[in-house]
Amino acid sequence: MMELQAVVWKEEDMFVIKEVVTGVTTQGKSVEEAIENLKEAVELYLEEMPEIVEYLKNRKALGAIRVEIA
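Residues numbered from 1 in each chain as written. Predicted model: local features only at pLDDT ≥ 70, side-chain atom pairs only at ≥ 80, totals over all residues. Heavy atoms only, no water.

Peer 1: With reference to specific residues and values, describe the overall build of the protein.
Peer 2: Of regular secondary structure, the protein possesses two helices and four strands. When the helices and strands of the protein are read in sequence order from the N terminus, they spell out β-β-β-α-α-β. Within the protein, residue pairs in contact and separated by at least 24 positions form 39% of the contacts whose partners lie at least 6 positions apart. Approximately 4,700 Å² of the protein is accessible, and the part contributed by carbon and sulfur atoms is 52%. (Helix = DSSP H or I, 4+ residues; strand = E, 2+ residues; numbered from the N terminus. Contact = heavy atoms within 4.5 Å. Areas by Shrake-Rupley, 256 points an atom, 1.4 Å probe, with all protein chains shown as cover.)

Below is the structure:
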């Protein structure tokens, strides 16, 4: 499992979340839904970008998602 760093903010009635390294951005009706959507979107992105996977594997921080509230 890799740690992803993300920033989440609210726009009208939706929570928008952006992963810092990949730039993948998604949204949800709740913070929890936005996080789940982000996990899925990043997974799909990484399937298409193996060089990013290697970069992330070489980072020291591995674990769960850390979400920063903006």
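Peer 1: Residues and numbers for the pairing of strand 1 (residues 5–11), please.
Peer 2: Strand direction decides the pairing type here: strand 1 and strand 2 (residues 14–19), joined by six bridges, are antiparallel. The partner of Val-7 across the bridge, within strand 2, is Lys-18. (Pairing = 2+ DSSP bridges.)

Peer 1: Break down the environment of Asp-13 for me, citing the residues and quoting the values.
Peer 2: Checked against the element boundaries, Asp-13 lands in the loop between strand 1 and strand 2. What makes Asp-13 exposed here is its relative accessible area of 56%. Distance from Asp-13 to Ser-30, taken between C-alpha atoms, is 8.8 Å for residues 17 residues apart in sequence. (Buried < 20%, exposed > 50% of the residue type's maximum accessible area, 1.4 Å probe, protein only.)

Peer 1: Account for helix 1 (residues 31–48), naming residues and giving values.
Peer 2: The terminal C-alpha atoms of helix 1 lie 26 Å apart, and with 18 residues this matches the ideal 26 Å at 1.5 Å per residue to within 8%. Of the residues making up helix 1, those classed as buried are Ala-34, Ile-35, Leu-38, Val-42 and Leu-46. Taken down its axis, helix 1 places every buried residue within 95 degrees of arc, on the same side. Set apart from the buried face of helix 1 by more than 90 degrees, the exposed residues are Glu-32, Glu-40, Glu-43, Glu-47 and Glu-48. (Expected span 1.5 Å × (residues − 1). Arc of directions from axis to C-beta.)

Peer 1: Quick rundown of the pairing of strand 3 (residues 25–28)? Include the residues and the values.
Peer 2: Of the two faces of strand 3, the one lined by Thr-26 and Gly-28 is fully buried and the one lined by Thr-25 and Gln-27 carries no buried residue. With four bridges joining them, strand 2 and strand 3 adopt antiparallel strand pairing. When the sheet's bridge partners are listed, Lys-18 is paired in strand 3 with Thr-25.

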